[in-house]
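Analysis of the macromolecular model
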Amino acid sequence: MASLTEYLSDLVADADAVLLFSPTRSMYDRIVDDGTEVVVVAPDNDLDAEVFVELPLPFDNVTDRIRFGIEGSMDAGLVDEGDEVVCLTNVFGDGSDAVIRASVDETVHTGIYDLFVNSRAEPSVIRDIFEVAIELGQKGQKGKPVGALFVVGDAGKVMNKSRPLSYNPFEKSHVHVGDPIVNVMLKEFSRLDGAFVISDSGKIVSAYRYLEPGAEGVDIPKGLGARHMSGAAITRDTNATAVVLSESDGLVRAFKAGELILEIDPEEY
Amino acid sequence: MMPAVATGLTRIAARVPDRVWLALFVLIFGLLAAYVVGAINRRLLTRAGVPDVIEGTAFERTAREFNTSTVRILAKLSSYFIVAITFIVVLTVADIRYLEQFWAGLGAFLPRLFVAVLVLIVGIVVGDKTELLVAERLRGVKLPELGVLPPLVKYSVVYVAALIALGQVGVQTIALVVLLAAYAFALVVFAALATKDLVASAAAGVFLLLRQPYEIGDEVRVAGERGIVQEVDLFVTRIEADSEEHVVPNHSVFRDGIVLVRE
């Protein structure tokens, strides 16, 4: 037993910072007293922690969650490349049950934090779009799997790089993502072909858009279809972010600057 | 022995005039009524949830320091009022004639004093409460300059309450009323000056949102700036040109007109 404790203390030795994922009050207080730099990564800052990174989605994939936390800490200037961080997080069920040591380097940096926080659109808008896409992926449209393409942010440019396939059902309307009624509307309209265009502040500008970006030089994994290709390409031509729900494999993918940033399985949420 | 004492007492009792008995009766009844009204008031205020509402105000905290509470003070106040009235009635009934003028004046003055004290206490408590509410609202905005706002609101409420209380007691308050009017006038003028453009923008914004003369994605020229509309909200229109984003207030959009650019 002694060797196990030793191994654990070796694992956490000389860490530059501790990342606590959704900690409890007592756990936070115990670790703060210890003296190392503590970063709380949680959906809300319930503990009034000094250093706090907001978690927009409860990333089920632990790697994504840790990447998000590390990139958020880097963005706040708390850790630098070459630092070593220790993450306390939960893998099974509730409560922290895992200690993970990670070094901060370029391989960790995938832009998952930038996707939410440093996009043109507001973070809450991107989060709402993810929630709609995930819900759509879970339930489908009338039980059948459905695909959807949301282009978020930089709506003016996106509108100029696309054309309408039919009349825009959202014309002269003032609907914003995040209202419960809108989730139902988007679900109904998702059977339409084409993309949804959403502005920086979350206004749904248009549905039924046929995107016309230049697709040269867009490098996305092979096997993804036209929806993903046009979604990825429009993010390379504009400052928009594309959230794509695949009809064939049911995954939600996010593209920014023409690259695949995040892949989420809706069934795990 | 005993019968002698009894007859003595009866004789003394007989000598006491009837009106003194009446006065004694009124006194006992008055004290009883004061106690009952005080207790009922306390219960009513507690039942109405007053203690929860005024929890945490400065007045309540001060009251707590003296081992009492606002509700108890209010209840006591009503008791004392009834006791005072009782004493006046008793003195009148007992026909004690000295200082009649003084008591008559006091009899008329007491209810007003009671109302004045009541208004003052309610004013202070409401002022405290509004200060707390405003401070709570502003907590999200971490701006130290806004710290002056909550006390300002509090003292405005207390000032008005004090004015009403003084008016009740009969103090000349015209100068204070003029001061209040000047203060309110200044407040309105400053608010109007400060929010003039915002209100104009919002009014224009309502029109722009309802009629949508231009939409997101249109190329327009507004107030000399040409670009693609990125966002229209209540106050501003965001127009993006190459590497520049213009945030144009809606009232200038409305004043200067819009040029829709078509190739």
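Residues numbered from 1 in each chain as written. Chains lettered and ligands numbered in written order. Predicted model: local features only at pLDDT ≥ 70, side-chain atom pairs only at ≥ 80, totals over all residues.

What follows covers the overall build of chain B. Secondary structure summary: chain B contains 9 helices and 5 strands in total. Tracing chain B from N to C terminus, the helices and strands come up as α-α-α-α-α-α-α-α-β-β-β-β-α-β. For chain B, contacts bridging at least 24 residues in sequence account for 63% of all contacts bridging at least 6. (Helix = DSSP H or I, 4+ residues; strand = E, 2+ residues; numbered from the N terminus. Contact = placed C-beta atoms within 7 Å.)

This part takes up the sheet that holds strand S1 (residues 17–21) of chain A. Residue and element names in this part refer to chain A. One open sheet holds the 5 strands; their spatial order is S3-S2-S1-S4-S5, and the pairing between them is mixed. Lying at the two open borders of the sheet, with one neighbouring strand each, are strand S3 (52–54) and strand S5 (98–103). Each strand of the sheet is rotated relative to its neighbour by a mean of 20 degrees, with strand direction disregarded. The sheet strands contacting helix H3 (residues 62–75) are S1, strand S2 (37–42), S3, strand S4 (84–89) and S5, and the helix crosses S4 at an angle near 130 degrees. (Pairing = 2+ DSSP bridges. Axes fitted to C-alpha atoms, helices over the stretch in contact; angles between N-to-C directions.)

Further remarks concern the packing of helix H7 (residues 149–169) of chain B against helix H8 (residues 174–211) of chain B. All names here are of chain B. For the pair H7 and H8, the least separation of the axes is 10 Å and the interaxial angle reads 155 degrees. One finds that H7 runs roughly antiparallel with respect to H8. Handedness of the H7/H8 crossing: left-handed. Contacts between H7 and H8 involve Tyr-159, Val-160 and Leu-163 on the former and, on the latter, Leu-176, Val-177 and Leu-180. Residue composition of the contact of H7 with H8, by class: 6 nonpolar, no polar and no charged. (Parallel < 35°, antiparallel > 145°, perpendicular 65-115°, else oblique. Left-handed = near helix turned anticlockwise from the far one by under 90°. Nonpolar A, V, L, I, M, F, W, Y, C, P; charged D, E, K, R; others polar.)

Residues and elements named next belong to chain A. Following the sequence through the fold, Ala-76 ends up in the loop between H3 and S4. Since 13 C-beta atoms lie within 10 Å of it, Ala-76 is described here as partly exposed. Separated by 24 residues in sequence, Ala-76 and Phe-52 have C-alpha atoms that sit 9.3 Å apart. (Buried ≥ 20, exposed ≤ 12 C-beta atoms within 10 Å, placed from the backbone.)

Let us look at the confidence of the model for chain B. Predicted confidence across chain B gives a mean pLDDT of 83, with 93% of residues reaching 70 or more. Interface confidence for the predicted complex, expressed as ipTM, amounts to 0.74; the pTM equals 0.68. (pLDDT = per-residue confidence, 0-100.)

What follows is about H8 of chain B. Residues and elements named next belong to chain B. Between its first and last C-alpha atoms H8 spans 51 Å; for 38 residues at 1.5 Å apiece the expected length is 56 Å, and the two agree. Thr-195 marks where H8 bends most, by close to 55 degrees. Those residues of H8 lying buried are Ser-201, Ala-204, Gly-205 and Leu-208. Looking one or two places after H8, you find Gln-212, whose phi comes out positive at around 45 degrees. (Expected span 1.5 Å × (residues − 1). Bend = angle between axes of the 7 residues up to and from the residue.)

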